[in-house]
Each structure stands twice: as C-alpha cells, then as structure tokens.
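In case you want the letters, here they are:
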Amino acid sequence: MILAIETSCDDTCAAVLDDQRRVLSNIVSSQTAHAEFGGVVPEIAARHHLELIDAVISTALKSAGVGLDQISSVAVTQGPGLSGALLVGVSAAKGIAAARGLPLRAVNHLHGHVAASYLANPDLPHPFLCLVASGGHTLIALVESEGPNWTQLGATLDDAAGEAFDKGARLLGLDYPGGPALERLARSGDSAAFDFPTARGVDGLDFSFAGLKTSLLYKTRELGEKETLERASDLAASYQAAIARQLSERIVRAVDETGCTQLAIGGGVAANGTVREAIAEIGLPVSIPAMEYCTDNAAMIGRAAFSLNDLSPEQALSLEIFPTGRTVPQ
Ligand code: KG4
Ligand code: ZN
C-alpha cells in the first residue's frame, strides 16, 4: 500500500492506495485563510500545511482502515509548486520513510494530474491527449504510457486557465477561489451577451489568457460600476465561455495534429461544467475524473507513483523540492 502526500499549493492532502491501485482514502484539507487576500499567500500556506499535515495523514490512514505498519512505500509531490508548501510535505514524507524504513517515491505534480485520468478510467487506452488546466498550469500532453515521460504539446504563454477564472472573478467582485464562484454566477447569465477573445493571435497548441482578462477589465471600465454589477452574470457567462472555447479549440487542434482521438482532462478547471460540456461537444471519448480527483489531491500522486521507481535511501534523505519555474533535478 502507498501513502501519498501532496502539499504543493494551498490544499493539505494525504491518501492511501492499495496494491490494486484502488483509492482507500483521499483526504483534502483546503485552507480558507487565503480568501481575504484574494489569492494564495505562500507563507500562510506553508504554516497551515505544518499545522495540518500530521492530522491529515492520520485521518487518511484511519479512514483507509490501515496502520503505518501496513504501508509499503511513501509517495510525495516534489514539485512544481510553492517552495515552503512543498517543503512541508517532502519533510513529512522523508521523516515517515526514514523512521519506518520505507522506500520513498518523488512525484511531479503535473504527472499526478495526468495520472488522475487512470483513477477515472483504469483501462484508459494509450495514447491519449490530456488537458491539464489548473490554477498554476495549463498544458496539453500526449500520453503514450503510464510513466512521467509524456510529451508536452503546448502550454500557456502567460496565465493559467484557473488563474484566468480567479482574476476574472476578482474583477467581478467575487471571492477567491474565483473559479467555482464565477461558475455559480454564470449560471443565470447569457454566454452570448459579450464577445470575449480566445487568444486569436496564438498559433499552435499554446494557450494565452492574459488578453482575455484585460478585455474583461476594459469591459467593466466601459460599463461602469453600476452596469457591471447589473450585468455581472452575463459578463461571467461570456468570460467563462471564452475560456472553455479556447481550451476546446486547442484540443481539436491537437487531435488534428496528432491523429490521437482519445481525450482526458484534469486539474481544477476540469471541475467546470461549461468546460466539460465544451470538451464533450468535440464528440470524442473523454475521460473526466470525479471532482475530487480534478482539484489537488494526494490520490493522484499515489496513482502516479505506481509507475515510478523507489529512490535509494540516500536519494530519499537528500531529496530536494523543485518550486514552480524550476526544472526537475535529475
Ligand atoms: O488543480 P487545482 O486544485 O490547483 C492547482 O494545481 O492549481 O486548481 C485550482 C484552480 C483554481 O484556479 C480554481 O479557481 C480553479 O482551479 N477551479 C475552477 C473550478 N473549480 C476550481 N475553475 C472553474 N470552475 C470551477 N468549478
Ligand atoms: Zn494542481
């Protein structure tokens, strides 16, 4: 059995998976302290992880009905993510592995989001195109095997799709995290009310959301405070539709380029109903993880770890994190 730990951003997560790769428990403690700042504050995230990590791991073991003596290896997110946040999870994992003489596996967070596809569909056929759209990343991968060596076909040139949701939500006066709030507001709005751009100047399989955010900003200035408030649901619905359109357009381009017709999506933005609908409308088979496996969780990290080797005890003890923006140390 694998005990998996994930602390790359603001969710403190632990999960237990059995040798059949089934999820026995998946505990996520989301930090709410960031809402008043309108975004994740790295230092606050790290402190909260430190306070929560022991309880989250104990709860994961307890709800799986196992003790540490039944765990055969420990998996942990090594990066990318916030340095202080990652350090808490990696230190906890190193400590448990060293104290219990267990092997440690280091998981790339993005590999985790891709591996969530197997939690949704254990028999998912390769190759598949996987869109990972979260608060920190937006990329499209060609996945030819279960390991961490997928091919990145394109990625965002500026903001991530989740960031676009969060920033758009903020412009409409909604609290962080903005994605779910904007989706709720959009339900009563007209998605055709405003015509927002979909990264028309960006060729190939890369994404861009900065221009979209700016056009929402200009639109709110043009409308003024009162009308922005009155038409907030139309603005939200149109903005959300533009994000969904860009994501599905890139998938269609990737299908055309690769000939690959099996799709999968992951990351927090995959929890969005309009995004799911837009991708379903492409008309190809698409694997969509349950909501709890779309947003950050440790079950996906445990699932990814099945295709990784154990680190040697020396490698485990000297394991370093790799924060966002840095490449994986080899
Ligand atoms: O994957 P995730 O939990 O964390 C990262 O690795 O970043 O993704 C969080 C992001 C946030 O930007 C959040 O606003 C967005 O996913 N998100 C959503 C929805 N639920 C979460 N965006 C749109 N609609 C949602 N329902
Ligand atoms: Zn994530």
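In short, a report on the structure. This is a predicted model, so every value here is computed, not measured.

1. Regarding the overall build of the chain
So, point 1. Per the secondary structure count, the chain includes eleven helices and ten strands.
So, point 2. Relative to the compact-globule value of 20 Å for 330 residues, the chain shows a C-alpha radius of gyration of 20 Å, a close match.
So, point 3. Once the C-alpha set of the chain is aligned to its principal axes, its extents read approximately 60 × 45 × 35 Å.
So, point 4. Evaluated residue by residue, the chain yields a buried proportion of 53% over its 330 residues.
So, point 5. The contacts of the chain with a sequence gap of at least 6 include a subset with a gap of at least 24, amounting to 71%.
So, point 6. If you sum the accessible surface of the chain, you get close to 14,100 Å²; carbon and sulfur atoms cover 50% of it.

2. So, the pairing of strand E3 (residues 23–30)
So, point 1. Bridging between strand E2 (residues 11–17) and E3 involves seven bridges; their strand directions are antiparallel. Looking at the pairing, Val16 lines up with Ser25 of E3.

3. Structural notes on the coordination of the zinc ion (ligand 2)
So, point 1. Protein coordination at the zinc ion (ligand 2): the donors are His109 (NE2), His113 (NE2) and Asp296 (OD), at 2.0 to 2.1 Å from the metal.
So, point 2. If you look at the zinc ion (ligand 2), its four donor atoms make angles of 93 to 144° with each other, and the shape they trace is irregular.
So, point 3. The sequence pattern formed by the donor residues of the zinc ion (ligand 2) is H-x3-H-x182-D. Taken together, the residues His113 in helix H3 (residues 109–120) and Asp296 in the loop between helix H9 (291–294) and helix H10 (299–305) connect sequence positions 183 residues apart.
So, point 4. Look at His113 and you get buried, because its relative accessible area is 0%.
So, point 5. Judged by its relative accessible area of 13%, Asp296 is buried.

4. As for the packing of helix H4 (residues 161–171) against helix H5 (residues 178–186)
So, point 1. In the contact formed by H4 and H5, the axes pass within 8 Å of each other and the chain directions differ by 60°. When the axes of H4 and H5 are compared, the pair comes out oblique. For the element pair H4 and H5, the recorded crossing hand is left-handed. Along the contact surface, H4 presents Phe165, Asp166, Gly168 and Ala169, while H5 presents Gly178, Gly179 and Leu182.
So, point 2. Along the lines of polarity and charge, the residues of the contact of H4 with H5 split into three nonpolar, three polar and one charged.

5. Points about the site of ligand 1
So, point 1. Gly135, Asp166, Glu183, Gly268 and Asn272 are the nearest of the 19 residues found near ligand 1.
So, point 2. Here a nitrogen atom of ligand 1 sits 3.0 Å away from a polar atom, N or O, in the side chain of Asn272.
So, point 3. Bound to the protein, ligand 1 loses 90% of the 560 Å² it would expose on its own.
So, point 4. Taken together, the residues of the shell around ligand 1 sort by class into five nonpolar, eleven polar and three charged.

6. Details of helix H1 (residues 42–64)
Each full turn of the α-helix corresponds to 3.6 residues, which orients residues three or four apart in the same direction.
So, point 1. The principal kink in H1, of about 45°, is found at Leu52.
So, point 2. Summarising the contacts, the buried residues of H1 are in contact with strand E1 (2–6), E2, E3 and helix H2 (83–100).
So, point 3. At the C-terminal side of H1, Gly65 shows a positive phi close to 75°.

7. Looking at the packing of aromatic side chains
So, point 1. Overall, the coordinates contain four aromatic pairs when judged by the stated rule.
So, point 2. Centroid distance Tyr118 to Phe128: 5.8 Å. Interplanar angle 80°. Geometry classified as edge-to-face. One end of the pair, Tyr118, is in helix H3; the other, Phe128, is in strand E6 (residues 128–133), and ten residues separate them in sequence.
So, point 3. By relative accessible area, which is 3% here, Tyr118 ends up buried.
So, point 4. Taken together, the aromatic side chains of Phe194, Phe196 and Tyr239 make up a single cluster linked through ring pairs.
So, point 5. Positioned above the aromatic ring of Phe207 is the side chain of Arg250, whose terminal nitrogen or guanidinium carbon lies 6.0 Å from the ring centre.

8. Things to note about the sheet that holds strand E7 (residues 138–143)
So, point 1. Strand order in the open sheet made by the five strands is E8-E7-E6-E9-E10, with mixed pairing throughout. Each edge of the open sheet carries a strand with a single partner, namely strand E8 (151–155) and strand E10 (286–287).
So, point 2. Pairing of strand E9 (residues 263–266) with E10, which is carried by two bridges, proceeds in the parallel orientation. Residue Leu263 lies in a different strand from E10, and its bridge partner there is Val286.
So, point 3. Its contacts with the sheet place helix H7 (residues 232–258) against E6, E7, E8 and E9, and it is angled at close to 155° to E6.

9. Some words on the nonpolar core
So, point 1. The biggest cluster of nonpolar side chains holds 40 residues, and the ones touching the most others in it are Leu131, Phe196, Phe209, Tyr239, Ile243 and Leu247.
So, point 2. If you list the elements that add at least two residues to this core, you get E6, E7, H4, H5, helix H6 (210–230), H7, E9 and helix H8 (273–280).
So, point 3. Once residues within four sequence positions are removed from consideration, Ile243 is found in contact with Ala161, Ala164, Phe165, Phe209 and Leu212.
So, point 4. Within the second largest apolar cluster, 32 residues are counted, among which are Ala4, Ala115, Phe128 and Ala305.

Criteria and thresholds
Throughout this description, residue numbers start from 1 for each chain and increase along the sequence as written. Written order determines the labels here, with chains lettered from A and ligands numbered from 1. With the structure being a predicted model, the display of local features is reserved for residues of pLDDT at least 70 and the display and counting of side-chain atom pairs for 80 or more, all residues being used for whole-chain, interface and lining totals. Side-chain metrics rest on all non-hydrogen atoms present in the structure, leaving aside hydrogens and water. A run of H or I in DSSP counts as a helix once it spans at least four residues, and a run of E counts as a strand once it spans at least two, with each numbered from the N terminus. Throughout, radius of gyration means the C-alpha value; the globule benchmark is 2.2 Å times the number of residues raised to the power 0.38. Accessible area is worked out with a 1.4 Å probe on protein chains only. A residue is then buried under 20% of its type maximum, exposed over 50%, and partly exposed in between. Only heavy atoms matter for contacts: two residues are in contact if any of them lie within 4.5 Å across the pair. The method behind every accessible area is Shrake-Rupley, applied with a 1.4 Å probe, and residues are considered shielded solely by the protein chains displayed. Between any two strands, at least two bridges found by DSSP are needed for them to pair. Each metal's donors are the N, O and S atoms within 2.8 Å of it, or within 3.2 Å when it is Na, K or Ca, and because water is not part of the set, sites may look incomplete. A four-donor site is classed as tetrahedral when every donor-metal-donor angle falls between 85 and 135 degrees; four donors are called square planar, and six octahedral, when trans pairs exceed 155 degrees and all remaining angles lie between 65 and 115, with any other arrangement labelled irregular. Axis definition: a line fitted to C-alpha atoms, over the contacting stretch in the case of helices. Angles run 0 to 180 degrees between N-to-C directions. Angular relationships are summarised with four words: roughly parallel below 35 degrees, roughly antiparallel beyond 145, roughly perpendicular across 65 to 115, and oblique for the angles in between. Two helices that cross are described as forming a left-handed crossing if the nearer one is turned anticlockwise from the farther one by less than a right angle, and a right-handed crossing if clockwise. Residue polarity is assigned by list, with Asp, Glu, Lys and Arg as charged and Ala, Val, Leu, Ile, Met, Phe, Trp, Tyr, Cys and Pro as nonpolar; anything else, Gly included, falls into the polar class. Working definition: residue near molecule or strand if any one of its non-hydrogen atoms lies within 4 Å of it. Residues adjacent in sequence count toward polar contacts only when both atoms are side-chain atoms; beyond that, a polar contact is any pair of N or O atoms within 3.5 Å, and within protein one must be able to donate a hydrogen and the other to accept it. Throughout, bend refers to the angle between the axes fitted to the seven residues that end at a position and the seven residues that start at it. Pairing of aromatic side chains requires ring centres within 6.5 Å, counting the rings of Phe and Tyr and the six-membered ring of Trp. Pairs whose planes differ by under 30 degrees are stacked, by over 60 edge-to-face, and all others tilted. The criterion is that NZ of a Lys, or CZ of an Arg, lies within 6 Å of the ring centre and within 35 degrees of the ring normal, and then a charge sits over that ring. The set of buried Ala, Val, Leu, Ile, Met, Phe, Trp, Tyr and Cys residues whose side-chain atoms join them within 4.5 Å is what this entry labels a nonpolar core.

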